[in-house]
Structure formats: C-alpha cells, structure tokens
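Each chain is listed here by its residues.
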Amino acid sequence: MESQERFPIIKKTISTSLEKNLANCTKNQLISISENLNLSIKKSWKKEQLLQKLYENIYEQFHQFYQPVIADLLDKFGDQIEQAIAFENLKQLEVIAPLIKKGFFYVYLQKDLYILVIPDEIWQGREESDLEMQEVTIDLNSNMDNNQLLSAQKEDSLSTEYESLKQWKETVVKIYGQVSAEHLAEIWNRYNENKLTPTEIDQILNS
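Visitor: Can you help me understand the side chain of Glu 121 in this one?
Guide: Its location among the elements puts Glu 121 in helix α5 (residues 120-125). Of the buried charged residues, Glu 121 lacks a salt bridge, with Lys 20 as the closest side chain of opposite charge at 10 Å. Among the polar contacts listed, one links the side chain of Glu 121 to the side chain of Tyr 55, at a separation of 3.3 Å.

In structure tokens:
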C-alpha cells in the first residue's frame, strides 16, 4: 500500500452520512479539511466544534458552488458510479483528490482496498440544482419601488452566480488540469436559467 497519503484516509467502519464521515476523521484530518476549505477555525477547538462547523460549511458550499461540478464529475463515471466504490490504489483517486481534501468525498482503508464513499447529502443532491429560487420579500415601507427592488435583487443574484462560476473553474482545473469555456458553459447552462455563451463566460472570469 502507498506510504504517502495525499488526502485523509479513514480506518474505521464505513459510514454514508456526511456527519458520520466527519466524525470518523481524526482531529488532525478535520483541521486539514478545514484548511482546504479556507475555513477559519481555532486549533484549540474540541472535535465536536470542528464537526459542526465543517458539516455546515461543506453542506453550504456544496449547494452554493460545487454541486454542478460534482454532478458533472459523477456523470463521467456513467452507470458504474455507486455511492461506495472500491479502488486498489491511491493513484486511481488522484483525479478527485481536491474534492476529498475538501470533505465532499471520503476514503476508507478496508483490508487491501481503498473505498471511496460519497456522503448521503452529496449523493442524493447530485441531480438537484445548486441555485434555489429565492422568495422576493417586498417591504411596503421601503423608499424603493417594486421595479427597483427586483432589479437590485437580480443584480445580487447574478453576482452570487458569477462568483460560483469562478469557484467552479478553480475546482475543475484542480480536477482535470485545464478547462475550456465551452465546458464551463455546458455545466452552467445545465443548471441555470440565465444562459451564458463561452464568450460571456470568458468575460466574466477575466473581469
């Protein structure tokens, strides 16, 4: 078996929920995941505090930024994809190492096999849209008229969506090594009503 680990390897009984997968990690592994998520934590925190903070952050980032990227990645496995998949060596998992490091996937060592586990929350949410429709609340006492309010909310929504596009690019580049605007457009248009061309995506990413 490989002596060097590029990501956390868990040596406990396999679990499928995100919470239990995190609980199966050592405190040092949780700290490593936190660092890869750029999550501000204190090393003095108890493991329970780390678990709660990581669970909330991973769940939020999955739905806000990573769901389309992960769904696209899993689609490439075709019908062979399962919630728990056995691999003979770590090199077979290198392509998804960035997602394992961030706590979206987990790897268990069982006898002589590495078992990749996709948590329930990720597995069940892989086909859901990462961008949910937001309810529009109109303050009748506001000085803004309805059109101004809706316009401002639309701009805020687009700003969030475009930020997610930049996140997608960073993640896809880490996984595949490179990414074209055409590929990003395909992912974006699959999950968003606001369609973008490859040229528009280039402009957004370079803005």
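Read on, since the account is not over.
Visitor: Looking at this structure, I do not really get the nonpolar core. What am I missing?
Guide: Side chains of nonpolar character tend, in soluble globular proteins, to be buried together. Formed by 43 residues in total, the largest nonpolar core has its most connected members in Leu 22, Ile 58, Ile 70, Leu 93, Phe 104, Phe 105 and Tyr 106. Here this core takes 10 residues from helix α3 (residues 47-75), the largest share from any one element. Each residue touching Phe 105, except ones within four places of it in the same chain, is listed here: Ile 70, Leu 73, Leu 74, Ile 96, Leu 99, Ile 100, Leu 116, Val 117, Ile 118, Pro 119 and Ile 122. Core analysis: the second largest hydrophobic core is formed by 13 residues, Val 172, Ala 185, Ile 201 and Leu 205 among them.

Visitor: Before we go on, may I ask you to explain the pairing of strand β1 (residues 84-87) in this structure?
Guide: Two faces belong to every sheet, and in a regular strand the side chains alternate between them. Burial along β1 is one-sided: Ile 85 and Phe 87 are buried, and none of Ala 84 and Ala 86, which face the opposite way, are. Note that β1 and strand β3 (residues 113-117) share four bridges and pair antiparallel. Bridge pairing in β3 places Ala 86 opposite Ile 115.

Visitor: Help me understand the sheet that holds β1 in this model?
Guide: Pairing between the strands of a sheet comes from backbone hydrogen bonds, and it takes one of two forms, parallel or antiparallel. Spatially, the three strands line up as an open sheet ordered β1-β3-β2, and their pairing is antiparallel. Lying at the two open borders of the sheet, with one neighbouring strand each, are β1 and β2 (106-110). Neighbour to neighbour, the strand axes of the sheet diverge by 30 degrees on average, direction disregarded. In terms of strand pairing, β2 meets β3 through five bridges, oriented antiparallel. Bridging across to β3, Val 107 finds its partner in Leu 116.

Reading guide: rules and limits
- Numbers given for residues are sequential positions, taken from 1 along each chain in its written order.
- Where totals are concerned, whole chains, interfaces and linings use all residues; where local detail is concerned, this predicted model gives features only for residues with pLDDT of at least 70, and gives and counts side-chain atom pairs only at 80 or more.
- Neither water nor hydrogens contribute to the side-chain values; these are computed over all heavy atoms in the structure.
- Starting at the N terminus, helices and strands are each numbered in turn, a helix being any DSSP run of H or I of at least four residues and a strand any DSSP run of E of at least two.
- To sort residues, take the accessible area from a 1.4 Å probe on protein chains only and compare it with the maximum for the residue type: under 20% means buried, over 50% means exposed, and anything in between is partly exposed.
- In this count, Lys and Arg are taken as positive residues and Asp and Glu as negative ones, while His and the chain termini are left out.
- Take a side-chain nitrogen of Lys or Arg and a carboxyl oxygen of Asp or Glu: if they are within 4 Å of each other, that pair is a salt bridge.
- Polar contact criterion, stated in full: a pair of N or O atoms within 3.5 Å, where within protein one must be able to donate a hydrogen and the other to accept it, and residues adjacent in sequence count only if both atoms are side-chain atoms.
- Here, nonpolar core means buried Ala, Val, Leu, Ile, Met, Phe, Trp, Tyr and Cys residues that are tied together by side-chain atoms lying within 4.5 Å of each other.
- Between two residues, a contact is recorded if the distance between any of their heavy atoms is within 4.5 Å.
- In this scheme, strands are said to pair when DSSP sees at least two bridges between them.
- Axes here mean lines fitted to C-alpha atoms, for a helix over just the part in contact, with angles spanning 0 to 180 degrees between N-to-C directions.

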